[in-house]
Amino acid sequence: MEPLPEQCIYRLQLSSKGGLEPLPAEAELPATTAAPVWLHLDYEQPQAADWLRNTELVSETAREALLGQSSRPKLVRQGDNLLLTLRGINHNQGNSPEEMVALRIYITPSLIISSRHRPLLSEQDVYELLGSSDEQVTLGDWLVEMCDALTDRAGEFVEDLHDQILELEEQILMRELPTNGRLGRIRKQLILVRRYLSPQRDLIARLASEKIGWLNDDDRRRLLDIADRLRRWLDDLDAGLARTAVLADEVNNLMTEATNQRAYQMSIMALMFLPASFLTGLFGINLGGMPGADHPAAFWIFCLSLLALGAGLAVWLRRNRWW
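How each quantity is defined
Residues numbered from 1 in each chain as written. Predicted model: local features only at pLDDT ≥ 70, side-chain atom pairs only at ≥ 80, totals over all residues. Heavy atoms only, no water. Helix = DSSP H or I, 4+ residues; strand = E, 2+ residues; numbered from the N terminus. Contact = heavy atoms within 4.5 Å. Areas by Shrake-Rupley, 256 points an atom, 1.4 Å probe, with all protein chains shown as cover. Pairing = 2+ DSSP bridges. Axes fitted to C-alpha atoms, helices over the stretch in contact; angles between N-to-C directions. Patch = residues over 30% accessible without salt bridge, like charges linked within 9 Å, V, L, I, M, F, W, Y side chains within 5 Å. Salt bridge = Lys/Arg side-chain N within 4 Å of Asp/Glu carboxyl O. Buried < 20%, exposed > 50% of the residue type's maximum accessible area, 1.4 Å probe, protein only. Expected span 1.5 Å × (residues − 1). Arc of directions from axis to C-beta. Parallel < 35°, antiparallel > 145°, perpendicular 65-115°, else oblique. Left-handed = near helix turned anticlockwise from the far one by under 90°. Nonpolar A, V, L, I, M, F, W, Y, C, P; charged D, E, K, R; others polar. Phe/Tyr/Trp six-rings, centres within 6.5 Å; stacked < 30°, edge-to-face > 60°. Lys NZ or Arg CZ within 6 Å of the ring centre and 35° of its normal.

Colleague: How would you sum up the overall build of the protein chain? Please name residues and give values.
Modeller: Helices and strands together make up the secondary structure of the protein chain, namely seven helices and nine strands. Dimensions of the protein chain, computed from C-alpha atoms along their principal axes, come out at roughly 120 × 40 × 30 Å. Summarising the internal contacts of the protein chain: among those between residues at least 6 apart in sequence, 67% fall at separations of at least 24. Surface exposure of the protein chain reaches about 17800 Å², of which carbon and sulfur atoms provide 53%.

Below, the structure is given as structure tokens:
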């Protein structure tokens, strides 16, 4: 008999009658139970961390993983005991969604211990779904539902990125430049999410092929379906990366075109003022014999001549389609 940790996010028993039954804080966990127990911990909480360090219910490898010392996707099987590290979309306020939250899971035939630091919406999804179930909840049900919830949340995020890319495409087709840094941020999210989902897809596919006593054929089939959905999300991420690469080229083309247009306009303006600059420089030499120097209206006549010269040059540029 071993007491349960006091600081638990969830302290539940998978009921054979349906749903999840809460366990009191003072309850003790026997070596074998009629129904498996789910302990969900925040490994940054002192009491939860101390319990993980001292409990004899987990192996040393699982202890290190549950304490947050491993973040890469991992699958380690020891008989019917299973150690998993999965990743979920980060929906916490003020954090970037692509910085995915690591969920570490250790499963034995009588116990589920899961740990994380930052909250996950997927854990709430599983709790609400299984808690309202009228059928028996097994270890296989819990594992499949957790993988399914993580995949669903990832799919929602990939679809949101897809919608953002469509919006950028429409904006660029209208010859409008996106806001500074938006395209780069989307590309970063695509790359990081793909980096985590790709090994997770392989991990779930491998999990479906493992001969574990508490996984039945229906559980394996559902895990293969989840792996297939992850493959489709990965294909969408690859397509998104290709589309954003094209968008980046189009943005560069728009910026180059805008720069060239401004340089062209400045060149035209310089060309229009070039004759005027020459004449004003010539008439500003202040030497004797300057024509019209003694005429009272010479200045205004000269200004009108410059305006006529500028207008004539503008007409010539327009007719030659330079402007």
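Colleague: Any details on the sheet that holds strand E7 (residues 81-88)? Residues and values, ideally.
Modeller: Pairing between the strands of a sheet is mediated by backbone hydrogen bonds and can be parallel or antiparallel. The mixed open sheet is built from seven strands, whose spatial order is E3-E2-E5-E9-E8-E7-E6. Both outer strands of the open sheet, strand E3 (20-22) and strand E6 (74-78), are each paired with one neighbouring strand and no more. Taking the axes of each pair of neighbouring strands and ignoring which way they run, one obtains an average angle of 20° across the sheet. The sheet contact formed by E6 and E7 spans five bridges and is antiparallel. By the bridge assignment for E7, Leu 75 is matched with Leu 84. Its contacts with the sheet put helix H3 (residues 121-131) on strand E2 (10-14), E3, strand E5 (37-42) and strand E9 (111-116), and the angle it makes with E2 is roughly 40°. Strand contacts of helix H4 (residues 139-173): E2, E5, E7, strand E8 (101-108) and E9, with the helix running at about 170° to E8, the strand carrying the most contacts.

Colleague: Lay out a nonpolar patch on the surface in plain terms, naming residues and giving numbers.
Modeller: On the surface, a nonpolar cluster with roughly 350 Å² of combined accessible area is contributed by Met 266, Met 269 and Phe 273. By secondary structure assignment, the location of Met 266 is in helix H6 (residues 217-282). Note on Met 266: relative accessible area 55%, which makes it exposed.

Colleague: If you had to explain helix H7 (residues 298-319) to someone new, which residues and values would you point to?
Modeller: Relative to the 32 Å expected for 22 residues at 1.5 Å per residue, H7 spans 32 Å between its end C-alpha atoms, a close match to the ideal helical length. Looking at H7, one finds that the buried residues are Leu 306, Gly 310, Leu 313, Ala 314 and Leu 317. The arc that holds the buried residues of H7, viewed along the axis, is 100°, so those residues lie on one side. Set apart from the buried face of H7 by more than 90 degrees, the exposed residues are Trp 300, Leu 304, Ala 308, Arg 318 and Arg 319.

Colleague: With reference to specific residues and values, describe the packing of H4 against helix H5 (residues 182-209).
Modeller: Two elements in contact, H4 and H5, have axes separated by 11 Å at closest approach and are oriented at 155°. With respect to H5, the axis of H4 lies roughly antiparallel. Of the two elements, H4 crosses H5, and the hand of that crossing is left-handed. Each of Leu 143, Cys 147, Leu 150, Ala 154, Phe 157, Leu 161, Gln 164, Ile 165, Glu 167, Leu 168 and Gln 171 in H4 lies in contact with H5, whose residues at this interface are Arg 182, Leu 183, Ile 186, Gln 189, Leu 190, Val 193, Leu 197, Gln 200, Ile 204 and Leu 207.

Colleague: Could you give an account of the pattern of salt bridges, with specific residues and numbers?
Modeller: Tallied over the full model, the rule gives 20 salt bridges. Two residues, Arg 77 and Glu 210, come together in a salt bridge whose shortest N-O distance is 3.1 Å. On the criterion of sequence distance, the pair formed by Arg 77 in strand E6 and Glu 210 in the loop between H5 and H6 is long-range, its members being 133 residues apart. For Arg 77, a relative accessible area of 33% puts it in the partly exposed group. Of the charged contacts in the structure, one is a salt bridge between Arg 220 and Asp 217, with a shortest N-O distance of 3.5 Å. One end of the pair is Arg 220 and the other is Asp 217, both in helix H6 and three residues apart, which spans about a single turn. With relative accessibility at 64%, the residue Asp 217 sits in the exposed group. A single salt-bridge network, built from bridges that share partners, covers Asp 228, Arg 231, Arg 232 and Asp 235.

Colleague: Account for the packing of helix H1 (residues 46-54) against helix H2 (residues 60-69), naming residues and giving values.
Modeller: Between H1 and H2, whose axes approach to 9 Å, the crossing angle comes to 165°. In this view, H1 runs roughly antiparallel relative to H2, as classed from their interaxial angle. In the crossing of H1 with H2, the sense of the turn from one axis to the other is left-handed. When H1 is examined against H2, the residues Ala 49, Leu 52, Arg 53 and Asn 54 are found in contact with a partner set consisting of Arg 63, Leu 66 and Leu 67. Of the residues belonging to the contact of H1 with H2, the class tally is four nonpolar, one polar and two charged.

Colleague: Tell me about the packing of aromatic side chains, and please be specific about residues and values.
Modeller: Each aromatic ring pair is specified by the distance between its two centres and by the angle formed by the two planes. In the structure shown here, the tally under the stated rule is three aromatic pairs. Taking the centre distance of 4.5 Å and the plane angle of 10° together, the rings of Tyr 10 and Tyr 127 count as stacked. Of this pair, Tyr 10 sits in strand E2 while Tyr 127 sits in helix H3; the two residues are 117 residues apart in sequence, bridging distant segments of the chain. Geometrically, the ring pair formed by Trp 38 and Trp 142 is edge-to-face, given 5.3 Å between the ring centres and 70° between the ring planes. You can see Trp 38 sitting in strand E5 and its partner Trp 142 sitting in helix H4, a full 104 residues away along the chain. Over the aromatic face of Tyr 196 sits the side chain of Arg 87, whose NZ or CZ is 4.4 Å from the ring centroid.

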